[in-house]
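In case you want the letters, here they are:
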Amino acid sequence: NEYKSYLRHDMGNTGSAIKITDIVSYEDARSRLSYDEYEHLEISFKKILSPPSKHNFIKHAFLGFPVSFAERMYRVLISSGTTDLTVENVISAVVVITKGTAQEKLHLLFCLASSDGQKLTEEELRQLLTVWGIPPPDNLNVLFTVSETCGFPHFCKWYSKFRPSLGVYDWIMDDESKLKGILSLGKPTFMTYHQFLSEQASFTEKQVMAVEKHYVRLRKQFSQTKRFDLDVLYNCLHPLYSYEFAKHFFYGFDLNNDGNIDSRELVIGLSMILEGAESFAKFVYSMFDMDEDGVLSPDEVATFMRLIGSFCMVSDSLKTNDAPKDGITIIGFIEWCTTSVSMYKFHSHLKNIVYIVFGVKPDLTFNIIRQWMEMESEMTLIAGKAYYIANNDWFKGSGGPVRNEPLLQNETLPRNTPIVTREFGMLKRGLLHGVDYQIISPVLWFTLEDWYGVDKAICRKAKFLPAGGVVVDLFPIRLNFYKTPSATTKIAVEALNKVHNMEEAVSAVGPLKHVLMYVGYFYVDDTIKSVVQLLGRGLKLGWEDIRLWNISNGTSQQKLLEDGEDRTLETLSLKHSSNILIEVRNNDMSWPEEVVNIIHQNQKLDRKTPTAKVNGATGLNNLGNTCFMNSSIQCLSNTKALTVYFLKELHLHELNQDNPDSFKGLLALRYADLIKSLWDNSHRAIAPLKMRWTIAKFAHQFNGFGQQDAQELLAFMLDGLHEDLNRVTIKPYSQIEDSGDRLDNEVAEEFWNNHIARNRSIIVDLFHGQLRSTLQCIQCGYKSVRFDPFSLLSLPLPENENVIVEVFVVRLAPEHGTTQYCLWLNNEYTMKNVYKKLREKIPDVMNYLFVELDNSVIKRVIGIDEPLKNINFSVHAFELPGNDPTPDPYIIVYNRHYVTMEQYFFEWQHRQVELFGTPFIIPVKEGLSKVEGIKTSIKSCLTGKYCFDDDFAEDLMFTINTVKQNGRDCSSCPWSSLCYGCRLADGSELFNCSHLTVDWKSAIVHLIRQYDDDVPIYEHPSVEEAKCRQSQPIDLSACLQSFTKEEEIGEGEWYCEKCETHRNAYKKLDIWRLPPVLIIHLKRFSLQNGKWQKCKRNVLFPENFDPTPFLVQSNRISLAQRLRTESVTYPKTVLVERVKSTVGCDDYDALSINSVDDEDVINSNNRNPRPQHKNSVSYIMNSMNVMGQKKKNDDRPFYDLYAVTSHTGQIGHGHYMAFALNPNKQWFFYNDSQVKKTTKSRVLSEPAYMLFYERRNLKLDDLLPQFSEDVNNESFDFDASFIMSKMSSNRGKSCKVQ
């Protein structure tokens, strides 16, 4: 009857997939929940399922359920057509599982098995049962006798009749199941870490918490690492106590001799000092028993007596003749301590250290403070160390809070303004030390703060006096730091990039508002760089992402402080209460102050900053990820010939607006305007807005806010400038014949002539060279040769065949710890080679277990034949027991502890297990197969690993449980029991589990995790060797060799004309002709496995570059030598034609060759003499080394470096910068708007991306055209039609090119 009434219930839409809300509606689900349950589920949904993805649903929301169940549940919950989960669907699902009726749960099972929730096939049900490990019931065929599919009503009838076992459904329906509750009504009770320590020591829980607070504070104050080592303890005691005393005092605490004092060791040691005379004597004995032999040797006794004497007069010396080894035993030492007056005084000193340094509060605190103050009054101040100022009135009284307010001046600051420095407040003038205030150490101040409370912490730094001596600098200056809200700067950048005129941008963005954010107190001898670094740490930014402006005189006269980063605040004229603006670089690398001032065309900021002292040392504002454009333009700007060409306005004579491939001259005009602004020395930095808009207009790929490739931008600009300035008005059609059996020289000349017949411009003259591309059929040997022009020489970075395999070796013996190895191996090797290398480095280890470790869990075991190329992670190698090739039996042990979850969907999820640390392996030897033997081995390993005493109690600290490989689920219980592992009980029979866990008690897990964090991983020397190999730079010559290396291309990529089919072929590139200005692009970015990767290896590039070894061998002879050889076989008339064809002199009326003498000079007699043009014979002969041949008087074509573009960071998050050699021979560093002098050594060490070389002794007059008539620059923004009319009238006039 129950099933029938349920089937009569309206199930909603039956024509579409069943949704979870069709089983139990959201309203019905809410009515079944209490207010607390519903609120808990709603909060859990927001925090756990954010975002509401499938991964979060399976890993967090349905944690503990079988993955197959969670995946199918996720499919049911999003069956409504949406791709995201909703809180309504999740709540309905939780209610069905925990509070649903039998029929509702059965319907949920039906939907989990059915693909659409309407019909169920036998295959779908069998598949579901197979996934859950449930054998199909015998009566399953009854369900599908009538039809191949069944609906939910028929499924209900079948289930009510046969009641088969259906796995998950049985689990959900079980009254004893843990799925009945949603909200946990109570929290599990367990002993806290402080309670655990208070039981081990004679301290209350409150005292333990006070000690740990001081412990953490002192470690943060004095430690460069997370460890509380000897140096930290010495800094706490210095200068009151010597280093020798600190060393022995440290040894008394360090029970496990690991060079670190953990909080447990500290609490136990402090309690021994305070407990009584006998306990104190034992602690002192451990301080001086350095060899731990149980006897104080004569030398150790002498050291002890010497240190005692430094504290007090020793009237009762310790005798050493009552020990069998001529030393003092612990019993004799205790007897002497209980009667010794000297030991009593020494005990008082150590108790004061316990009280003041470590914060254990005694009964008579004020007397302890006064005693410590008397000691500090005699101490010597240390320059650079921080001290605190305390009101002397407090020391005259009897306690109460320390009130420093009367010592401070009244400062008017907005309420709750954060202070970014330890220093605070301005002291009143005229205060006297010892009368009005006291100077105390940080440890004493921390104790006063904890015991009595303080109102103002006044910290000051000690400094050297010019005349000698050390004093505390009482009067730092206060700096007020202002900042611009980030939302305003984001709007400004978007406005700047979306509009193409300033009026729209100004209307969209108002002036920046500067808000007081912080104040800080600094000393006049602090550098501005140290201030920036402190602010960077506070803002969690790199110091290079922050700039400071002095706005003390108002924003209209603000002055940038970055130029004096190594100068002090005093030399920068910063005074008390100076206003400093913190400018934080935007995510797109732009500076907000620059962007807003550009929009408002406000040059006040720029004019008040120092203008560039050198022509060309002008920066370019970043307009939003435009560093790729700025760096390329700066390098082009420092190309002397090109810049002189535009500064002389020679481009106005050669604008080609009729060229269909050009940008109607607009790109050339904009670039000319920009070059003039960069070299007029009027501004510190300019905004390349028009250039940016022009590039974005004609090349949409460079529009927007994304990062771009500087090389792609440079190639676009060179091509665009060339087309705008192309001297060829009508490009002739040219057809390239196959190379055939012709000489390379002949084919190269034909290709070059065809190129310059269509392309002649200042860009071609300066940047175009020629490559030889050879394809040879592997089958028949047929060869095809082409000679293509290039403007940038793109060189690949040689790939390294070796890879670094990072291996963490975990030894069986705990004292060995974990050691990191880095193995330099061939990428084609397997893990067998890793094993061989480890055997060489650790000969006494025979067997390893190689695993991939993920969040302290062994994710998978790596086979010995696994290729290294498949390993993209670090490998953990666990030493296995046994000296034979076959290892002895072993067990893997995990570290775990229980955590309490605040958000969850089912009550049993409230308490979860969490794995931590590195697993360890214990051997299973003969006679240790029983549980007792296994537990003994684990305890022995833990004693060595965590330095516990041999008699530590298992039940008090941990339990041992059996688990599966994932370290989470029980190895013996079914998953439906939700068991995290059954405890390994004493007295059990033979043990057959391969994985165990040590479940640490909550009281001790804090100490264990602290120990794991403090214990370092030892680095084998191979780590440093591998880093050196990995960072070993590549030589530029290796890149050129890789570029010219022959490679094989696959079948289908090249058509062989001789074979008349597609063939495999050899391909080879060679440099045939080099331009006067050589740009080398280093291809750092490559596509690997579908992702773009960057090669970070540094490339060594020379300042003076000789490319001769990389030119084609047959092309190194001079042209005159070629003509001399060819004149033997060719008549003079034919030779003239070949020369004309070679140099492209088709506009000459005649060319006669009188002779070819020893000087390699060809005399050209022209009927109508003209100035020497670059395509004239004599010009080419005088510059043969540009084209790749050698002159007799200058055998090698040397090139000199003049600019570099570098790239730092990763793809999508990197930054381009430029370095360029100014005409005054000074190198400059261009970082967007920032321009600074730099050194040649820094330039040569940069991660170069593009290199700019110029041929040595290059004469500008040989490259620049000369015109008899000037074009007037009648307006700043040139009118294209006006220029074209000028140019059309000039085209028929004489043009000189030298």
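Conventions adopted
Residues numbered from 1 in each chain as written. Predicted model: local features only at pLDDT ≥ 70, side-chain atom pairs only at ≥ 80, totals over all residues. Heavy atoms only, no water. Helix = DSSP H or I, 4+ residues; strand = E, 2+ residues; numbered from the N terminus. Buried < 20%, exposed > 50% of the residue type's maximum accessible area, 1.4 Å probe, protein only. Contact = heavy atoms within 4.5 Å. Areas by Shrake-Rupley, 256 points an atom, 1.4 Å probe, with all protein chains shown as cover. Pairing = 2+ DSSP bridges. Polar contact = N/O pair within 3.5 Å; in protein donor to acceptor, adjacent residues only side chain to side chain. 1 Å grid on protein atoms, 1.4 Å probe; cavity = no way out; pocket = protein on both sides within 12 Å on 5 of 7 lines; lining within 4 Å. Points joined across faces, edges and corners; volume = space filled by probe spheres on them. Nonpolar A, V, L, I, M, F, W, Y, C, P; charged D, E, K, R; others polar. Expected span 1.5 Å × (residues − 1). Arc of directions from axis to C-beta. Phe/Tyr/Trp six-rings, centres within 6.5 Å; stacked < 30°, edge-to-face > 60°. Lys NZ or Arg CZ within 6 Å of the ring centre and 35° of its normal. Axes fitted to C-alpha atoms, helices over the stretch in contact; angles between N-to-C directions. pLDDT = per-residue confidence, 0-100. Core = buried A, V, L, I, M, F, W, Y, C linked by side-chain atoms within 4.5 Å. Salt bridge = Lys/Arg side-chain N within 4 Å of Asp/Glu carboxyl O.

### Brief notes about the overall build of the protein chain
Move 1: Scanning the protein chain from N- to C-terminus turns up 49 helices and 44 strands.
Move 2: Scored against the burial criterion, the 1298 residues of the protein chain give a buried share of 51%.
Move 3: Partitioning the intrachain contacts of the protein chain with sequence separation of at least 6 by distance along the chain shows that 71% fall at a separation of at least 24.
Move 4: Of the accessible surface of the protein chain, which amounts to about 60300 Å², a share of 49% is contributed by carbon and sulfur atoms.

### Focus: the pairing of strand β7 (residues 458-464)
Move 1: Across four bridges, the pairing between strand β5 (residues 386-391) and β7 is antiparallel. Looking at the pairing, Ile389 lines up with Ile458 of β7.
Move 2: Note: β7 against strand β8 (residues 470-472), three bridges, orientation antiparallel. By the bridge assignment for β8, Ala462 is matched with Val472.

### Side note on the side chain of Asn260
Move 1: You can see Asn260 is positioned in the loop between α16 (243-253) and α17 (263-275).
Move 2: The class of Asn260 is buried, set by a relative accessible area of 2%.
Move 3: A distance of 2.8 Å separates a polar atom in the side chain of Asn260 from the backbone nitrogen of Phe228.

### Here's the deal with the layout of surface pockets
Move 1: As a volume, the second largest pocket reaches approximately 1300 Å³.
Move 2: When contributions to the lining of the second largest pocket are tallied by element, the ones reaching two or more residues are α5 (54-61), α6 (67-77), β22 (857-861) and β25 (911-923).
Move 3: Across the lining of the second largest pocket, the residue classes tally to 23 nonpolar, nine polar and seven charged.

### A word on helix α22 (residues 365-376)
Move 1: The terminal C-alpha atoms of α22, which comprises twelve residues, lie 17 Å apart, in line with the 16 Å expected from a rise of 1.5 Å per residue.
Move 2: Of all the positions in α22, only Thr365, Phe366, Ile368, Ile369, Trp372, Met373 and Glu376 are classed as buried. All buried residues of α22 fall inside an arc of 155 degrees around its axis, so they share one side.

### Some remarks on the packing of aromatic side chains
Move 1: Under the defined criterion, the tally for this structure stands at 50 aromatic pairs.
Move 2: With centroids separated by 5.9 Å and ring planes inclined at 80 degrees, the aromatic side chains of Phe304 and Trp336 adopt a geometry described as edge-to-face. You can see Phe304 sitting in helix α19 (residues 298-309) and its partner Trp336 sitting in helix α20 (residues 330-339), a full 32 residues away along the chain.
Move 3: By relative accessible area, which is 0% here, Phe304 ends up buried.
Move 4: The class of Trp336 is buried, set by a relative accessible area of 11%.
Move 5: Each ring, one from Phe787 and one from Trp1072, has its centre 5.0 Å from the other, and the planes form 70 degrees; the classification is edge-to-face. With Phe787 in strand β17 (residues 783-790) and Trp1072 in strand β32 (residues 1061-1073), this residue pair connects regions lying 285 residues apart in the sequence. Taken individually, Phe787 and Trp1072 each receive the classification buried, so the pair is uniform in this respect.
Move 6: In this structure, Arg217 is placed above the aromatic ring of Phe446, and the distance from its NZ or CZ to the ring centre is 4.8 Å.

### Remarks on the sheet that holds β7
Move 1: Strands sit in the order β6-β5-β7-β8 across an open sheet of four strands; the sheet is antiparallel. Strand pairing shows two members of the sheet lacking a second neighbour, β6 (437-440) and β8, which therefore form its edges. Across the sheet, the axes of successive neighbouring strands diverge by a mean angle of 35 degrees, strand direction being ignored.
Move 2: Here helix α24 (residues 442-451) sits on the sheet in contact with β5 and β6, set at roughly 45 degrees to β5.

### Let's talk about the confidence of the model for the protein chain
One rule of thumb: low pLDDT means the predicted coordinates there are not for detailed reading.
Move 1: Per-residue confidence for the protein chain gives a mean pLDDT of 78, with 79% of residues at or over 70.
Move 2: Taken as a whole, residues 1116-1194 scores under 50 in pLDDT and shows 133 contacts with residues more than four places along the chain or in a different chain.
Move 3: Note on residues 1273-1298: pLDDT under 50 across the span, and 57 contacts to partners over four residues away in sequence or across chains.

### Some words on the environment of Gly252
Move 1: When you line up the elements, Gly252 lands in helix α16.
Move 2: Look at Gly252 and you get buried, because its relative accessible area is 5%.
Move 3: Distance in space between the C-alpha atoms of Gly252 and Glu265 is 9.4 Å, their sequence separation being 13 residues.
Move 4: Apart from the residues within four sequence positions on either side, Gly252 is in contact with Phe283, Ser286 and Met287.

### Examining the nonpolar core
Move 1: The biggest cluster of nonpolar side chains holds 100 residues, and the ones touching the most others in it are Phe245 and Phe249.
Move 2: The contact partners of Phe245, leaving out residues within four places of it in the chain, are Leu237, Met287, Leu307, Phe311, Phe346, Leu350 and Ile353.
Move 3: Membership of the second largest hydrophobic core comes to 61 residues, among which are Cys635, Val1077, Phe1228 and Tyr1230.

### Observations concerning unusual backbone geometry
Move 1: For the peptide bond that leads from Ser50 to Pro51, omega is 0 degrees, which places it in the cis range.
Move 2: In this fold, Pro51 is placed in the loop between α4 (35-48) and α5.
Move 3: Here the phi dihedral of Ser577 falls at roughly 70 degrees; this positive angle occurs in a residue that is not glycine.
Move 4: For Ser577, the position within the fold is in the loop between β12 (559-560) and β13 (578-584).
Move 5: On the basis of relative accessible area, Ser577 is assigned to the partly exposed category, the value being 30%.

### A few points about the pattern of salt bridges
Move 1: Summed over the entire model, instances satisfying the criterion amount to 38 salt bridges.
Move 2: Ionic pairing is found between Lys676 and Glu649, a salt bridge with its closest N-O pair at 2.7 Å. Of the two residues, Lys676 sits in helix α33 (residues 666-679) while Glu649 sits in the loop between α31 (640-647) and α32 (651-654), which places them 27 residues apart along the sequence. The residues Lys676 and Glu649 share a single accessibility class, namely buried.
Move 3: Where salt bridges share partners, they join Lys213, Arg217, Glu449 and Asp450 into one cluster.

### A closer look at the pairing of strand β41 (residues 1234-1237)
Move 1: Across four bridges, strand β40 (residues 1227-1231) lies against β41 in antiparallel orientation. Each residue of the ladder has a partner; that of Tyr1230, found in β41, is Val1235.
Move 2: Remark: two residues form the turn of the hairpin made by β40 and β41, two consecutive strands paired antiparallel; Asp1232 in that turn has positive phi of roughly 55 degrees.

### Some points on empty space enclosed by the protein
Move 1: Taken as a whole, this structure holds seven cavities of 30 Å³ or more when the rule is applied.
Move 2: There is about 70 Å³ of room inside the second largest cavity.
Move 3: Taken together, 14 residues line the second largest cavity, and the ones lying closest to its centre are Cys236, His238, Lys385, Ser441 and Val443.
Move 4: Of all the secondary structure elements, the ones that give two or more residues to the lining of the second largest cavity are α15 (230-237), α22 and α24.
Move 5: No other element matches the three residues that α15 contributes to the lining of the second largest cavity.
Move 6: Tallied by class, residues from the lining of the second largest cavity come to nine nonpolar, three polar and two charged.

### Remarks on helix α9 (residues 122-131)
Move 1: Glu124, Leu125, Leu128 and Leu129 are the residues of α9 that are buried. The buried side chains of α9 occupy one side of the element, clustering within an arc of 130 degrees when seen end-on. Pointing more than 90 degrees away from the buried face of α9 are the exposed residues Glu123 and Thr130.
Move 2: Those residues of α9 that are buried lie in contact with α6, α8 (102-113), β1 (120-121), α10 (140-143) and α11 (152-162).

### Side note on the sheet that holds strand β28 (residues 995-1000)
Move 1: The strand order β25-β24-β28-β26-β27 describes an open sheet built from five strands, whose pairing is mixed. The sheet terminates laterally at β25 and β27 (982-983), the two strands that pair on one side only.
Move 2: In the sheet, strand β26 (residues 958-962) pairs with β28 via five bridges, with the strands oriented antiparallel. Looking across to β28, one finds that Phe958 is bridged to Trp1000.

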